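Given next are the chains, with one letter for each unit.
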Amino acid sequence: MHAIELEGDSAAQSREPMNSALTAILLAYGADPELTTPGTNTPLEMATFYDHEMAQRLLARYLRI
């Protein structure tokens, strides 16, 4: 979730296009795409909040949605 927030927030501040490189790297190394901390959104919900389509597609593939 932190990677998605970082990618979304960085893109918003820099006005550069979003990428999902950090999210993809963490998933490739075994990050849990469903892991949350109490009271927070799931990574997919966070990607939806930032309208981060690349991360949404990547997470959907990992979650087999």
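These remarks concern the structure in this document. Nothing here was measured: the structure is a model prediction, and the numbers come from that model.

Let's talk about the overall build of the protein
And then number 1: Tallying secondary structure elements over the protein gives 4 helices and 0 strands in all.
And then number 2: Helices and strands in the protein line up, N terminus first, as α-α-α-α.
And then number 3: Against the globule reference of 11 Å for 65 residues, the protein gives a C-alpha radius of gyration of 11 Å, in line with a compact fold.
And then number 4: In terms of overall dimensions, the protein has C-alpha extents of about 30 × 25 × 20 Å along its principal axes.

Considering the environment of Ala55
And then number 1: Among the secondary structure elements, Ala55 is positioned in helix H4 (residues 53–63).
And then number 2: The buried category is assigned to Ala55, whose relative accessible area is 0%.
And then number 3: Placed 45 residues apart in sequence, Ala55 and Ser10 show a C-alpha to C-alpha distance of 14 Å.
And then number 4: Look past the residues within four positions of Ala55 in its chain and what remains in contact with it is Ile4, Ser20 and Ala47.

Here we look at the side chain of His52
And then number 1: Turning to its location among the elements, His52 is positioned in the loop between helix H3 (43–49) and H4.
And then number 2: Here His52 falls in the buried class, since its relative accessible area comes to 1%.
And then number 3: Within the structure, the side chain of His52 is placed 2.9 Å from the side chain of Glu7, a separation counted as a polar contact.
And then number 4: A polar contact of 3.2 Å, which involves the side chain of His52, links it to the backbone oxygen of Asn19.
And then number 5: Not counting the four nearest positions on each side in its chain, His52 is found in contact with Ile4, Glu7, Gly8, Met18, Asn19, Ser20 and Ala47.

Analysis parameters
- Residues numbered from 1 in each chain as written.
- Predicted model: local features only at pLDDT ≥ 70, side-chain atom pairs only at ≥ 80, totals over all residues.
- Heavy atoms only, no water.
- Helix = DSSP H or I, 4+ residues; strand = E, 2+ residues; numbered from the N terminus.
- Rg over C-alpha atoms; globule rule 2.2 N^0.38 Å.
- Buried < 20%, exposed > 50% of the residue type's maximum accessible area, 1.4 Å probe, protein only.
- Contact = heavy atoms within 4.5 Å.
- Polar contact = N/O pair within 3.5 Å; in protein donor to acceptor, adjacent residues only side chain to side chain.

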